[in-house]
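# Summary of the model geometry
Given next are the chains, with one letter for each unit.
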There are 2 protein chains.
Amino acid sequence: MSLSLTIKLHLASSSSSHLTHHHHAKKVTTFETCCYNAKIRPKPIYSTNPLIIPACRVRPRVQCGAMVKSSLIEPDGGALVDLVVPESVRGAKIIEAETLPKVQLTRIDLEWVHVVGEGWASPLRGFMREDEYLQSLHFNSLRVKDGSFVNMSLPIVLAIDDETKGRIGSSSHVALLGPDGDFVAILRSVEIYKHNKEERIARTWGTTAPGLPYVEEVITRAGNWLIGGDLEVLKPIKYNDGLDDYRLSPKQLRDEFDKREADAVFAFQLRNPVHNGHALLMNDTRKRLLEMGYKNPILLLHPLGGFTKVDDVPLDVRMEQHSKVLEDGVLDPETTIVAIFPSPMHYAGPTEVQWHAKARINAGANFYIVGRDPAGMGHPTEKRDLYDPDHGKKVLSMAPGLEKLNILPFRVAAYDTKVNKMAFFDPTRAKDFLFISGTKMRAFARSGENPPEGFMCPSGWNVLVKYYESLQAEEPSEQPVLST
Amino acid sequence: MSLSLTIKLHLASSSSSHLTHHHHAKKVTTFETCCYNAKIRPKPIYSTNPLIIPACRVRPRVQCGAMVKSSLIEPDGGALVDLVVPESVRGAKIIEAETLPKVQLTRIDLEWVHVVGEGWASPLRGFMREDEYLQSLHFNSLRVKDGSFVNMSLPIVLAIDDETKGRIGSSSHVALLGPDGDFVAILRSVEIYKHNKEERIARTWGTTAPGLPYVEEVITRAGNWLIGGDLEVLKPIKYNDGLDDYRLSPKQLRDEFDKREADAVFAFQLRNPVHNGHALLMNDTRKRLLEMGYKNPILLLHPLGGFTKVDDVPLDVRMEQHSKVLEDGVLDPETTIVAIFPSPMHYAGPTEVQWHAKARINAGANFYIVGRDPAGMGHPTEKRDLYDPDHGKKVLSMAPGLEKLNILPFRVAAYDTKVNKMAFFDPTRAKDFLFISGTKMRAFARSGENPPEGFMCPSGWNVLVKYYESLQAEEPSEQPVLST
């Protein structure tokens, strides 16, 4: 399958000169990259970006090139954390790392190094020590020095086994090795404490039923100890899957919003293809923001790029699907930024949606769209949703540390059979509407069946159909899934 | 078995005139009482209180009888909640209650009406609605109007079944019936929402393993709906077990501390007999407070009086044991107040210890003693503690809403075989110390074996031995438990 990505990525070339003012700047073109090869599809699906529009062309600016106003929302803790060491000291750090006890990272551990290192979890500066872990587990928030709280609903922790703990002994610092054996980071002033998996799972997911994807992929097989400490990331994390240029850091996103003179940024977190119901919602949000008096609201279409469960659509396919949605004009490329959120997915519902929102604060979004059952899934052993579909937005609206973020609850969109398009659900004529869940959408695509006309732009739908065809070609024994 | 209680209860007779200034005053002698009979031992074990010392005798006061300073710590939310309706309107409320849909309370539901009605959970004014429930479950705290947080770690909820929900229909208010069928309270402006037991259990206990006492007693058999609303308690909750006079409300305790001119109140929560290690700790705390410059620190010895698991020592036996400890002078009656905390026990470790501390803020204590593994127990299905024994005090020290409370962590006391008494553990001569857990203590008493001399005052120990003898007389088939 040959995929080509044509998302309009608005990284103006002028941004690199802007970045060089900062010694932490990540000059992607010259940095050695820390890579692991994505198993799923090795060939680069992205090389050039033909649709880049220089920022100044998007909207005529009064003082194009001059300093723009600072960002719209303060990062948690007041300053964005950036833990990538300056290039000038990298050599010395690697020499030091060679002398330290080594801890091997998994692919998902590396995603967390990426997330924390770029400041998505600001003010967190590394893997959690026990104090932070307990606050996250019990309060979904961390107390900062001035006595206020920042949100922190997921434990961001690094597990080690007994043998590794023994090798670390009483060392204060350890070196973290990437999946390819390269030095990724140093973890400073470490603290090792017990990894009570049952309690972590119960308090994070509200269930201990077998079959939770992150639990099975990460926690069950992890060691019985957690190691916390301050991270020094030795080089920017790269995946060499052709999508690295879409992995904009919170700093890059903030710079981009400033450059575009956004006066509102609304973030849309997703891990599924964009259908016309999503688009309706995003376009409606923009309209509402304009009605509220904002002049230049920018949409951050922000697909999650880390670990997802096996039956979710892979990132590269989703990115191509998103690009078709923009090409087709379903979303407006001039007021949309597409970038990848590097976090792995927990499927922890109301607990996780807080993380999704908090990370977008750090990326400069001051509005967050939340829908039905965010970060939810079916209960792994019972025939019901794992979470009450309304709890996500309720918890989000009350969460400590998210006060400064404007939460925009979804209106429910569904397929209106009277006009053959996605529309906001009208309860007075409920029978006219079809609800097409993500599961049902995937089942349609898997079986090669077309969804109702107007559900998704045809070019985007075609990306999904081709993906499922390729799966069936690779795995001939797989049964076609019925579109129930 | 004949028990007599001789705890020095310092409720000065002058306090009743003080109380009558408040229309919410609970004049126990004239109120109709809402009673249910404790199953365990029906006969009254307390009738007179021979050792009452008028407050003014305890410590000479400059202005005895004049207004004393207000309490040492503000109740959560700024004002103590008192939901018992004035006697003057009670008749009308009962007439109204007769017209409302009725909800039958269990014994433990009634304990919660007691707890909430007297303001232990201030600023909570009833059983939680869904917003409060979700905040408690996810954040262990509630946001109050000024944007700050009060601690609230346990969901205080009332469950109803499908049939009751159906009967309530769209009524705004319901009447709550006590175990004897009497009208206990009206619940106003009710909200009914789903009772997801699995999620409630996982997030509260950090496990869903079978065998959690509160879960088995309360939650498993409860209905699939929760009903929240504002409580109006129709009359003070009484149990008629001879111990009601020890059930001082937060207001009564605050008045008592003021009357005694306490300049520090340190609370000791317990659900076990007091041994000399506890006493050492409490006496040492007093000494430390004196060294800190406090002139009149008062100990609130505050046994939990609600639901406890079946192998815990019952409240009446514990109260008699505590009285012996005071009679013997192991604790100083002149600087100690013994009262009963009416809450049921969850055995939810770090989550529950926050509730235990928060309720004592409302009762006027500004110091809280916390030990190893507070509110903990063995894992119900694995051979280990359910909670990390250090997590309780760590979580307590970081909990939102408890900032104003001074947390006093335990020093570990153990039996020092060199001097034959309980002493602070000295790790440099660890082998000289014996650790005698509550479980081991109960096993000694059950088997009639004496603990080492100096572990507990003999008269207090005798109370326990008699209790276990009476159990064996009642249940001859019970095997004596080995003192392992």
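Residues numbered from 1 in each chain as written. Chains lettered and ligands numbered in written order. Predicted model: local features only at pLDDT ≥ 70, side-chain atom pairs only at ≥ 80, totals over all residues. Heavy atoms only, no water.

Naming follows an unreviewed UniProt entry, where chain A appears as sulfate adenylyltransferase of Vigna angularis var. angularis. The UniProt entry for chain A carries this comment under Sequence similarities (unreviewed entry): "Belongs to the sulfate adenylyltransferase family." (UniProt positions renumbered as here; feature names shortened; annotations may be inferred.)

Quick look at the overall build of chain A now. If you tally the helices and strands in chain A, you get 15 helices and 15 strands. Counting the 484 residues in chain A, one finds 60% classified as buried. Taking the contacts inside chain A whose residues are at least 6 apart along the sequence as the reference set, 78% of them involve residues at least 24 apart. Total accessible area computed for chain A in this model is approximately 19000 Å², and 52% of it derives from carbon and sulfur atoms. (Helix = DSSP H or I, 4+ residues; strand = E, 2+ residues; numbered from the N terminus. Buried < 20%, exposed > 50% of the residue type's maximum accessible area, 1.4 Å probe, protein only. Contact = heavy atoms within 4.5 Å. Areas by Shrake-Rupley, 256 points an atom, 1.4 Å probe, with all protein chains shown as cover.)

Time to look at the sheet that holds strand β13 (residues 413-416) of chain A. All names here are of chain A. If you walk across this open sheet you meet the three strands as β14-β13-β15, and the pairing is antiparallel. At either margin of the open sheet sits one strand with a lone partner, and together these are β14 (421-424) and β15 (433-434). Relative to β15, β13 runs antiparallel, the two being bridged by two bridges. By the bridge assignment, D416 is partnered in β15 with F433. In this fold helix α10 (residues 276-291) packs onto β13 and β14, with an angle of close to 45° to the strand it touches most, β14. (Pairing = 2+ DSSP bridges. Axes fitted to C-alpha atoms, helices over the stretch in contact; angles between N-to-C directions.)

On to the relation of the copies chain B and chain A, then. Once chain B has been moved 0.0 Å along the axis and rotated by 180°, it coincides with chain A to within an RMSD of 0.0 Å. Seen this way, the second copy is the image of the first under a two-fold rotation axis. (Least-squares fit on C-alpha atoms with pLDDT ≥ 70 in both.)

With that settled, consider the packing of aromatic side chains. One pair of aromatic rings is described through two measures. These are the centre distance and the angle between the planes. Residues and elements named next belong to chain B. For the coordinates displayed, the defined rule picks out 23 aromatic pairs over all chains. Summarising the aromatic geometry, the rings of F425 and F433 are spaced 5.1 Å apart at their centres and angled 70° between planes, so their arrangement reads as edge-to-face. Residue classification places F425 among the partly exposed residues on the basis of a relative accessible area of 26%. Seen from their ring centres, F425 and F435 are 5.3 Å apart, and the 55° between their planes marks the pair as tilted. With F425 in the loop between β14 (421-424) and β15 (433-434) and F435 in the loop between β15 and α14 (438-447), the pair connects residues that are 10 residues apart, well separated along the chain. (Phe/Tyr/Trp six-rings, centres within 6.5 Å; stacked < 30°, edge-to-face > 60°.)

Moving on to the UniProt feature "domain: Sulphate adenylyltransferase catalytic" (unreviewed entry) in chain A. Feature annotation in UniProt assigns "domain: Sulphate adenylyltransferase catalytic" (unreviewed entry) to the following positions: residues 245-467 of chain A. Split by type, residues 245-467 of chain A is 36% helix and 16% strand. Its first and last C-alpha atoms lie 22 Å apart.

Here the UniProt-annotated "domain: ATP-sulfurylase PUA-like" (unreviewed entry) positions come out as residues 73-235 of chain A. Helix makes up 35% of residues 73-235 of chain A and strand makes up 22%, while its end C-alpha atoms are separated by 27 Å.

Listed per partner, the contact involves 37 residues of chain B and 37 residues of chain A. For the chain B and chain A pair, buried surface summed over both sides reaches about 3200 Å², with 49% attributable to carbon and sulfur atoms. On the chain B side of the interface with chain A, the three residues burying the most area are F139, R203 and M398 of chain B, jointly 22% of the side's total. Our count for the contact surface shared by chain B and chain A stands at eight salt bridges. Where chain B touches chain A, the interface holds 22 residue pairs in polar contact (both at pLDDT 80 or more). Every element with two or more residues in the side of chain B that touches chain A is listed here: α5 (130-139), α7 (197-205), α12 (349-362) and α13 (391-398) of chain B. Residues that form the side of chain B that touches chain A fall into these classes: 13 nonpolar, 12 polar and 12 charged. (Buried area = accessible area lost by both parts, 1.4 Å probe. Salt bridge = Lys/Arg side-chain N within 4 Å of Asp/Glu carboxyl O. Polar contact = N/O pair within 3.5 Å; in protein donor to acceptor, adjacent residues only side chain to side chain. Nonpolar A, V, L, I, M, F, W, Y, C, P; charged D, E, K, R; others polar.)

A few words on the pattern of salt bridges. For side chains bearing opposite charge, pairing can occur when the charged atoms are close. Residues and elements named next belong to chain A. Taken as a whole, this structure holds 63 salt bridges over all chains when the rule is applied. Measuring nitrogen to oxygen at the nearest pair gives 2.7 Å for the salt bridge that ties K251 to D255. Note that K251 and D255 are positioned in helix α9 (residues 250-259) at a spacing of four residues, about one turn of the helix. Of the residues examined, K251 reaches a relative accessible area of 23% and is grouped as partly exposed. Since its relative accessible area comes to 13%, D255 is described here as buried.

Turning our attention to the pairing of strand β7 (residues 225-233) of chain A. Residue and element names in this part refer to chain A. Counting buried positions along β7 gives seven out of nine residues, so the element sits mostly inside the fold. When strand β4 (residues 159-160) meets β7, the two strands line up antiparallel, connected through two bridges. Paired with A159 across the two strands is L226, which belongs to β7. Sheet topology places strand β6 (residues 183-194) next to β7; eight bridges connect them, and they run antiparallel. Bridge pairing in β7 places I192 opposite I227.

On to the sheet that holds β14 of chain B, then. Residue and element names in this part refer to chain B. Strands sit in the order β14-β13-β15 across an open sheet of three strands; the sheet is antiparallel. At either end of the open sheet lies a strand with only one pairing partner, and these are β14 and β15. Helix α10 (residues 276-291) contacts β13 (413-416) and β14 of the sheet and is inclined by roughly 45° relative to β14.

Residues and elements named next belong to chain A. If you check the domain split of chain A, you get domain 1 (85-231) and domain 2 (242-472). Contact between domain 1 and domain 2 buries roughly 2700 Å² in total, counting both sides, with carbon and sulfur atoms accounting for 67%. When the buried area of domain 1 at its contact with domain 2 is split by residue, W120, N151 and W205 rank highest and sum to 29% of it. Where domain 1 packs against domain 2, one counts zero salt bridges. Elements with a minimum of two residues in the side of domain 1 that touches domain 2: α4 (107-117), β3 (149-151), α7 (197-205) and α8 (213-219). Among the elements that make up the side of domain 1 that touches domain 2, the one with the highest residue count is α4 (six residues). Tallied by class, the residues present in the side of domain 1 that touches domain 2 amount to 18 nonpolar, 10 polar and four charged. (Domains from an automatic or database assignment.)

This part is about the nonpolar core. In terms of nonpolar packing, the biggest core is built from 170 residues, with L176 of chain A together with L176 of chain B touching the most fellow members. Excluding residues that lie within four positions of it along the chain, L176 of chain B makes contacts with V103, L105, V113, F127, L158, D182, F183, V184, A185, L187 and L231 of chain B. (Core = buried A, V, L, I, M, F, W, Y, C linked by side-chain atoms within 4.5 Å.)

All names here are of chain A. At K93, helix α3 (residues 87-99) shows its maximal kink, close to 25°. When we look at burial in α3, the residues that qualify are R90, K93 and A97. On its buried face, α3 is in contact with β1 (102-104), β5 (174-177), β6 and β7. (Bend = angle between axes of the 7 residues up to and from the residue.)

As a further point, take the environment of I407 of chain A. All names here are of chain A. Residue position: I407 is located in strand β12 (residues 406-409). Sequence separation between I407 and I369 is 38 residues; the distance between their C-alpha atoms is 6.2 Å. Residue contacts for I407: discarding those within four places in its chain leaves Y368, V370, L396 and S397.

Moving on, we get to the packing of α7 of chain A against α7 of chain B. Their axes nearest at 7 Å, the elements α7 of chain A and α7 of chain B cross at an angle of 130°. When the interaxial angle is binned, α7 of chain A and α7 of chain B end up oblique. When you trace α7 of chain A past α7 of chain B, the crossing you get is left-handed. Residue-level inspection shows A202, R203, T204 and W205 of chain A of α7 of chain A in contact with α7 of chain B, the latter providing A202, R203, T204 and W205 of chain B. For the contact of α7 of chain A with α7 of chain B, the residue count by class is four nonpolar, two polar and two charged. (Parallel < 35°, antiparallel > 145°, perpendicular 65-115°, else oblique. Left-handed = near helix turned anticlockwise from the far one by under 90°.)

As a further point, take the packing of α14 of chain B against helix α15 (residues 458-474) of chain B. Residues and elements named next belong to chain B. Running from N to C, α14 and α15 point in directions that differ by 65°, and their axes come no closer than 8 Å. For α14 against α15, the interelement crossing comes out right-handed. Contact with α14, carried on its side by M441, R442, F444, A445 and R446, involves W461, L464, V465, Y468 and Q472 of α15 and no other residues of that element. For the contact of α14 with α15, the class distribution of residues is seven nonpolar, one polar and two charged.

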